[in-house]
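Chain residues, written in single-letter form:
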Amino acid sequence: MSPAPADLARQAESTDPKVGLRGVAALRRLLEQLESLHVRNARKQGWSWQEIADELAVSKQAVHKKHAGRP
Amino acid sequence: MIERLTPPARRIVALADREAKTLESPVVGDEHLALAFVVELPFLLTPGLGHEGFYLPAAMPKPDEARALLRRDAHDALATLGISLDEVERRVEETFGPEAWTHRSDGQRLNFSRDARHALTLALRRSLELRRSRVSDSDVLAGVVQTGGRGRRLLAEIGIDVDDLERRIESDNLFAPGPGFR
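Residues numbered from 1 in each chain as written. Chains lettered and ligands numbered in written order. Predicted model: local features only at pLDDT ≥ 70, side-chain atom pairs only at ≥ 80, totals over all residues. Heavy atoms only, no water.

**A look at the interface of chain A and chain B**
Then, number 1: At the junction of the two partners, chain A supplies 19 residues and chain B supplies 21 residues.
Then, number 2: Carbon and sulfur atoms make up 64% of the area that chain A and chain B hide from each other, which totals about 1800 Å².
Then, number 3: Scanning the region where chain A abuts chain B turns up zero salt bridges.
Then, number 4: The tally of links between chain A and chain B comes to zero residue pairs in polar contact (both at pLDDT 80 or more).
Then, number 5: By residue class, the composition of the side of chain A that touches chain B is eight nonpolar, six polar and five charged. (Contact = heavy atoms within 4.5 Å. Buried area = accessible area lost by both parts, 1.4 Å probe. Salt bridge = Lys/Arg side-chain N within 4 Å of Asp/Glu carboxyl O. Polar contact = N/O pair within 3.5 Å; in protein donor to acceptor, adjacent residues only side chain to side chain. Nonpolar A, V, L, I, M, F, W, Y, C, P; charged D, E, K, R; others polar.)

**A short note on a positive patch on the surface**
Then, number 1: Taken together, the side chains of A:Arg28, A:Lys65, B:Arg114 and B:Arg117 present a region of like positive charge at the surface.
Then, number 2: Using a relative accessible area of 63% as the deciding quantity, one classes B:Arg114 as exposed. (Patch = residues over 30% accessible without salt bridge, like charges linked within 9 Å, V, L, I, M, F, W, Y side chains within 5 Å. Areas by Shrake-Rupley, 256 points an atom, 1.4 Å probe, with all protein chains shown as cover. Lys, Arg positive; Asp, Glu negative; His and termini not counted. Charge placed at Lys NZ, Arg CZ, Asp CG, Glu CD. Buried < 20%, exposed > 50% of the residue type's maximum accessible area, 1.4 Å probe, protein only.)

**Some details on the nonpolar core**
Then, number 1: Within the largest apolar cluster, 37 residues are counted, with the highest numbers of intra-cluster contacts made by B:Leu33, B:Val140, B:Leu154 and B:Leu155.
Then, number 2: Of all the secondary structure elements, the ones that give two or more residues to this core are helix 1 (7-22), helix 2 (30-44), helix 3 (63-79), helix 5 (114-129), helix 6 (137-147), helix 7 (150-157) and helix 8 (162-170) of chain B.
Then, number 3: Of the residues forming this core, the biggest block, seven residues, is contributed by helix 2 of chain B.
Then, number 4: In this view, B:Leu155 contacts B:Ala34, B:Val38, B:Leu141, B:Val145, B:Ile160 and B:Val162; residues no more than four positions away in its chain are not counted.
Then, number 5: If you look at the next biggest cluster of nonpolar residues, it comprises seven residues, including A:Ala26, B:Leu78, B:Leu85 and B:Val88. (Core = buried A, V, L, I, M, F, W, Y, C linked by side-chain atoms within 4.5 Å. Helix = DSSP H or I, 4+ residues; strand = E, 2+ residues; numbered from the N terminus.)

**So, helix 3 (residues 49-56) of chain A**
Residues and elements named next belong to chain A.
Then, number 1: Within helix 3, the full set of buried residues consists of Trp-49, Ile-52 and Ala-53. The buried residues of helix 3 occupy an angular sector of 100° when the element is viewed end-on, so they sit on one face. Among the exposed residues of helix 3, those pointing more than 90 degrees away from its buried face are Asp-54 and Glu-55.
Then, number 2: Of the surrounding secondary structure, the elements contacted by the buried residues of helix 3 are helix 2 (17-44) and helix 4 (60-67).
Then, number 3: Where helix 3 ends, the next residue or the one after it, Ala-57, has phi of about 60°, a positive value. (Arc of directions from axis to C-beta.)

**Describing the pattern of salt bridges**
A pair can form between side chains of opposite charge whenever their charged atoms are brought close.
Residues and elements named next belong to chain B.
Then, number 1: For the structure shown, the criterion picks out 15 salt bridges over all chains.
Then, number 2: Here Arg-67 and Glu-19 are joined by a salt bridge, their closest N and O atoms 2.7 Å apart. Placement of the pair is Arg-67 in helix 3 and Glu-19 in helix 1, with a sequence separation of 48 residues. Comparing Arg-67 with Glu-19 shows no difference in burial state: the two are buried.

**Considerations on the side chain of B:Asp30**
All names here are of chain B.
Then, number 1: Among the secondary structure elements, Asp-30 is positioned in helix 2.
Then, number 2: There is no salt bridge for the buried Asp-30, and the closest opposite charge comes from Arg-150, which lies 6.5 Å off by N-O distance.
Then, number 3: In contact with Asp-30, not counting residues within four places along its chain, are Ser-113, Asp-115, Ala-116, Val-144, Thr-147, Gly-149, Arg-150, Gly-151 and Arg-152.

As structure tokens, then:
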């Protein structure tokens, strides 16, 4: 059985790389926002860079380079 | 890099920083540089206020429209993944309070996004190719357009003929009036 036109349209939409890529880019921006928010919260509560790095599963250097110097 | 910018170009970068903070972005993106130009357009019309030569779209774009477009972009893009940005924001505010997203003091500069850095690099390259000692605001605009990221898309969405703009950039003719411009 061939798919209904509405299904075809939806399928075309979801296979459009632009839709997927923009979604991923927006997700990355949201991720950055959330990371910065939670790192700030952790620092405010006295967490060390090492503790934050452990929870984020990245190196201490990486998290420090990215977030140090921010309030 | 910043020290190589002319004063109007610095103003664009400073404005982009402010817009990024207003839009709760953790970085200054090329879209914020584009937005800064939209905000600056009325002032660029006034002689003596750092006018380095600007072409203008037939209808003056509105900054609020551009800001709304950027917000809607993010909402729509995340919705395609099944993520509700409203819901994420609601939960964050529930936990951390309404001020949670506004995180930097005004005195503190945000970092540039990869695309914004790319745009500024292209701006610098353009100024060097044109044998200018400094990077002008029109070089920054050229960099944003040539980067081809969200900034370029934003300019197109608010009614700027980006293809025409690109042709002008290639022929270093950003200043002359053309079709669709006054």
